[in-house]
Amino acid sequence: MTLVIAMDGPSGSGKSSVSKGVARALGLRYLDTGAMYRAMTWWMLREGVPLDDQAGIAARAGEPVLVSGTDPAAPTITVDDVDVSGPIRGSEVTGAVSAVAAVPAVRERLVALQREIIGTGGIVVEGRDIGTAVAPDAQVKIYLTASAEARAQRRNAELSGATIAATQADLARRDRLDSTRKVDPLAQAADAIELDTTSLGLDEVIEEVLRIARK
Ligand code: ADP
Ligand code: CDP
């Protein structure tokens, strides 16, 4: 049976770094579903689709060609053959992504793409709704958490010039938008194992997930 590990949790809880480390240790592929929502958002912004036009976003959600590379050592993402790995991390996309991800047609398209990728072999998949909606049958489900302060500090260390207070406010805004949709993608799967990473180092979290996966 192919191993699927679902890694969910809010921004800055450590999903990407932990998932990549676990995938490398177990020789699995890695999929960053947040990058797919970001790439879709990058495309909508480039096309000038207004963020408050849900119907407009829905009507065009099928157009961009998204390709995710799943090597945990060098994940890639392209939209219509353009490498968008850099631009999707910028503040413009980060500020807009929750609005685009809230559109059901966007979620339907991306969840279908994610399931196609998951269906082709062992993988660690990280996001918000993996254990609940995308891969409810995953053998291992982890829900990472960390205090709002720790998450903001971690994110801030990656950004230049932002204050921790501003980063924390931005994460809180995104968490709020992400969890007030009809279907809350931040909801934890009932059978997920919760790991609070606030006072753990990255290697300790990876070790703990590997221990759970080997059980
Ligand atoms: P997410 O994918 O949940 O948003 P990331 O994996 O991108 O989180 O982690 C955000 C930042 O915090 C990264 O710079 C990462 O190296 C760091 N980080 C992740 N987990 C830990 C941890 N347990 N302790 C300290 N720093 C961490
Ligand atoms: O890295 P960070 O946690 O900041 O965010 P991300 O994982 O790149 O996800 C960006 C945004 O995409 C989130 O704030 C959600 O709005 C959305 N998302 C989602 O709705 N469902 C997912 N499975 C993954 C991301």
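Heads up: the structure comes first, above all this text.
Residues numbered from 1 in each chain as written. Chains lettered and ligands numbered in written order. Predicted model: local features only at pLDDT ≥ 70, side-chain atom pairs only at ≥ 80, totals over all residues.

> For this particular structure, what's the right way to read the nonpolar core?
Membership of the largest hydrophobic core comes to 26 residues, with the highest contact counts inside it found for Ala-6, Met-7, Val-124 and Val-125. Of all the secondary-structure elements, those providing two or more residues to this core are strand S1 (4-8), helix H1 (15-26), strand S2 (29-32), strand S6 (123-127), helix H6 (130-134), strand S7 (140-145) and helix H9 (202-214). Residue contributions to this core peak at 4 residues, all from S1. Among all residues touching Val-125, those that are not within four sequence positions of it are Val-4, Ala-6, Met-7, Leu-31, Thr-33, Gln-114, Ile-118, Ile-130, Val-134 and Ala-135. Core analysis: the second largest hydrophobic core is formed by 21 residues, Trp-43, Val-93, Val-97 and Val-106 among them. (Core = buried A, V, L, I, M, F, W, Y, C linked by C-beta atoms within 7 Å. Buried ≥ 20, exposed ≤ 12 C-beta atoms within 10 Å, placed from the backbone. Helix = DSSP H or I, 4+ residues; strand = E, 2+ residues; numbered from the N terminus. Contact = placed C-beta atoms within 7 Å.)

> I would appreciate a short explanation of the packing of helix H2 (residues 33-47) against helix H5 (residues 104-118) in the present structure.
What describes two packed helices is the angle between their axes and the distance between those same axes. Taken N-terminus to C-terminus, the directions of H2 and H5 make an angle of 135°; their axes are 11 Å apart at the nearest point. Classed by the angle they form, the pair H2 and H5 counts as oblique. H2 and H5 meet at a crossing whose hand is right-handed. Contact residues: Thr-33, Met-36, Tyr-37 and Met-40 in H2; Val-106, Leu-110, Leu-113 and Gln-114 in H5. (Axes fitted to C-alpha atoms, helices over the stretch in contact; angles between N-to-C directions. Parallel < 35°, antiparallel > 145°, perpendicular 65-115°, else oblique. Left-handed = near helix turned anticlockwise from the far one by under 90°.)

> Teacher, can you tell me more about the site of ligand 2 here?
The local shell around ligand 2 holds 15 residues, among which Ser-11, Gly-34, Tyr-37, Ala-101 and Gly-127 are the closest. Where the shell around ligand 2 is concerned, the elements lending two or more residues are H2, helix H4 (91-101) and helix H8 (164-179). With 5 residues, the single largest contributor to the shell around ligand 2 is H2. Counted by class, the shell around ligand 2 contains 5 nonpolar, 5 polar and 5 charged residues. (Near = placed C-beta within 6 Å. Nonpolar A, V, L, I, M, F, W, Y, C, P; charged D, E, K, R; others polar.)

> What is the right way to read the site of ligand 1 from this model?
The environment of ligand 1 is made up of 16 residues, and the closest members are Gly-14, Lys-15, Ser-16, Ser-17 and Arg-154. Mapped onto the shell around ligand 1, the elements with two or more residues apiece are H1, helix H7 (148-158) and H9. Tallied by class, the residues present in the shell around ligand 1 amount to 3 nonpolar, 9 polar and 4 charged.

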